[in-house]
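# Geometric and topological summary
The primary structure of each chain is shown beneath.
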Amino acid sequence: MCTDNTIDVEFDRQHIWHPYTSMLKPLPNYPVTHANGTRIYLQSGESLVDGMASWWSALHGYNHPELNAAIQQQSQQMSHIMFGGITHKPAIDVCKKLIAMTPKPLQKVFLADGGSVSVEVAIKMAIQYWFSQGNQRKHTIMTPAKGYHGDTFAAMSVCDPINSMHSMYRGFLPEQHFVPAPKSGFYDEFDEREAAVLRSHFQAHHEDIAAFIIEPIVQNAGGMNFYHPQYLKTVRQLCDEFNVLLICDEIATGFGRTGKLFAVEHADICPDIMCVGKALTGGYMTLAATLTTDKVARGICEGEAGVLMHGPTFMGNPLACAVADASLSLLYKNDWQAQVANINQWLEQLKACETLEAVTNVRTLGAIGVVELKRTVDVAKIQRFFVDNGVWIRPFGKLIYLMPPFVSSEDDINALCSAIYKAIAQDAY
Ligand SMILES: *Cc1c(COP(=O)(O)O)cnc(C)c1O
């Protein structure tokens, strides 16, 4: 029997799904009691330096007094209220900030419950836009291989077909049009043949294509690929030329992570539709948004339907909006540019891993560090090693990567980088 405040890990193992795991042979889950700043505290009493920012989201660290206050204050007004026929200050405040910080043409905001839903909304907007223009043929989405856009069905349909096991859902999952993943690296020269291949796909298929969806500059869950801004520029030009809307999925890259406030700025382009999520609430709650231009919004609403057919129950949740608004204020107050530039410099030490036989590539961009290995890691084994060494890092496939909170100190980053070096050098994976 467990006492009241012990975490019942055995119940968890028997009954609760965790992300991407088997219920029969679950990976171990470490019981966490609390987290503060960049530290995660385990029930065992150990504390870990956080290298993951809870999947790109906890920018300002855990248990932040200003974010806590935002939630507490809002909870005393109302934690939730329906958004149909009602509006409120937290939603208006956060949308004002989103419109001010994203590229100028993006003027209309749809608040969604999470990243995948914001991608569903983006795709729906694109298809509904063309339908309203009297074009019922543009139903397909074009997208590069190796992408990741979420786990709901339409979002999954534009994820990498192999990673997302599309073959399992054949006949149910909509079939989209895939183009080759971007190859030229962010720091390399752009291979013009990539542009030619893209052009041939647009030329052959544009009449059926409603939108092109892409993660700008960093393909994250599909392989932590930092690609050349010219690829994105080319896609933007081709979308204009062939009447295809461009959806940029900034859910992972948004809010400073790549060294620009939004990764589209690396290519100096503006999408027609943009999704943000993950870091939007500073990692406190689930909230995402789909932004679009006046032109697309007008195009949708002038048409036969007259409205955008979407409206989740918890749309514009006041608690989530209030904490997002506070988190966006903190981003500026904390000088995110300086934070990210410092982390980027400190992450340089990961380059030491390049001397190790097991490593194929080390790369950094903004506050992201990636060590790519020759073989796939044993997640349970390496995670045990990392916990024993006082850090929280969760690799996948052949990739050990860091996307630490922006408030990380030099000591935090040193601890994370040396744990990675040690794990590889000692073959602890
Ligand atoms: C995480 C992620 C999503 C999905 O967001 P959820 O909040 O997990 O639904 C979509 N696109 C990108 C690029 C992501 O990184």
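Every value quoted in this text rests on a predicted model; they were computed, and no experiment measured them.

## A few points about the nonpolar core
Counting residues in hydrophobic clusters, the biggest one holds 94 residues, and the most contacted among them are Phe212, Phe255, Phe386, Ile420 and Ile424. Top contributing element to this core by residue count: helix α14 (residues 410-425), with 7 residues. Counting contributing residues per domain, this core is built from domain 1 (9-60 + 336-425) and domain 2 (69-333), each supplying no fewer than three. Residues within four places of isoleucine 424 in sequence aside, it is in contact with Cys353, Leu356, Ala358, Val359, Val371, Leu373, Ile400 and Tyr429. Residues Val121, Trp130, Ala210 and Leu245 belong to the second largest nonpolar core, which totals 27 residues.

## Remarks on the site of the ligand
What surrounds the ligand is the set Gly114, Gly115, Ser116, Tyr148, His149, Gly150, Glu215, Asn220, Asp249, Ile251, Ala252 and Lys278. At a separation of 2.6 Å, an oxygen atom of the ligand approaches a polar side-chain atom of lysine 278. Across the complex, the protein chains shield 81% of the 380 Å² of accessible surface that the ligand would expose by itself.

## Comments concerning the side chain of threonine 292
With respect to the helices and strands, the residue threonine 292 is situated in strand β12 (residues 288-293). On the basis of relative accessibility, which here comes to 2%, the residue threonine 292 falls in the buried class. Within polar-contact distance, the side chain of threonine 292 engages the backbone oxygen of aspartate 272 at 2.7 Å. With near-sequence residues (within four places) excluded, threonine 292 lies in contact with Pro105, Leu106, Gln107, Lys108, Met125, Asp272, Ile273 and Ala297.

## Describing the sheet that holds strand β2 (residues 39-42)
Taking strand neighbours across the sheet as the criterion, the 4 strands line up as β1-β2-β3-β15 in an open arrangement whose pairing is mixed. With partners counted over all chains shown, the strands left at the sheet margins are β1 (32-36) and β15 (391-392), one partner each. Pairing analysis gives 3 bridges linking β2 to strand β3 (residues 47-50), with the strands arranged antiparallel. Bridge pairing in β3 places isoleucine 40 opposite leucine 48.

## Some details on unusual backbone geometry
One non-glycine residue, aspartate 335, adopts positive backbone phi at about 55°. By secondary structure assignment, the location of aspartate 335 is in the loop between α11 (318-333) and α12 (336-347). Assessed through its relative accessible area of 39%, aspartate 335 is described here as partly exposed. Although it is not a glycine, aspartate 427 adopts a positive phi angle of roughly 55°.

## Concerning helix α10 (residues 294-301)
Those residues of α10 that sit buried are Val296, Ala297, Gly299 and Ile300. Viewed end-on, α10 has its buried residues packed into an arc of 160°, placing them on one side of the element. In this fold, the buried residues of α10 make contact with β4 (106-112), α5 (115-132), β10 (245-249), β11 (273-276) and β12.

## Side note on the domain arrangement of the protein
The domain boundaries assigned to the protein delineate domain 1 (9-60 + 336-425) and domain 2 (69-333). One C-alpha centre belongs to domain 1, the other to domain 2, and the line joining them spans 26 Å. Of the residues lining the interface, 23 residues belong to domain 1; the matching set on domain 2 comes to 28 residues. Between domain 1 and domain 2 the total buried area reaches about 2,200 Å² when both faces are included, carbon and sulfur atoms providing 67% of it. Contact with domain 2 buries area across many residues of domain 1, yet Trp56, Trp336 and Leu365 alone supply 38% of it, more than any other trio. Run the count over domain 1 and domain 2 and you get 0 salt bridges. At the junction of domain 1 with domain 2, the criterion picks out 11 residue pairs in polar contact (both at pLDDT 80 or more).

Reading the values: rules and limits
- Residues numbered from 1 in each chain as written.
- Predicted model: local features only at pLDDT ≥ 70, side-chain atom pairs only at ≥ 80, totals over all residues.
- Heavy atoms only, no water.
- Core = buried A, V, L, I, M, F, W, Y, C linked by side-chain atoms within 4.5 Å.
- Buried < 20%, exposed > 50% of the residue type's maximum accessible area, 1.4 Å probe, protein only.
- Helix = DSSP H or I, 4+ residues; strand = E, 2+ residues; numbered from the N terminus.
- Domains from an automatic or database assignment.
- Contact = heavy atoms within 4.5 Å.
- Near = heavy atom within 4 Å.
- Polar contact = N/O pair within 3.5 Å; in protein donor to acceptor, adjacent residues only side chain to side chain.
- Areas by Shrake-Rupley, 256 points an atom, 1.4 Å probe, with all protein chains shown as cover.
- Pairing = 2+ DSSP bridges.
- Arc of directions from axis to C-beta.
- Buried area = accessible area lost by both parts, 1.4 Å probe.
- Salt bridge = Lys/Arg side-chain N within 4 Å of Asp/Glu carboxyl O.

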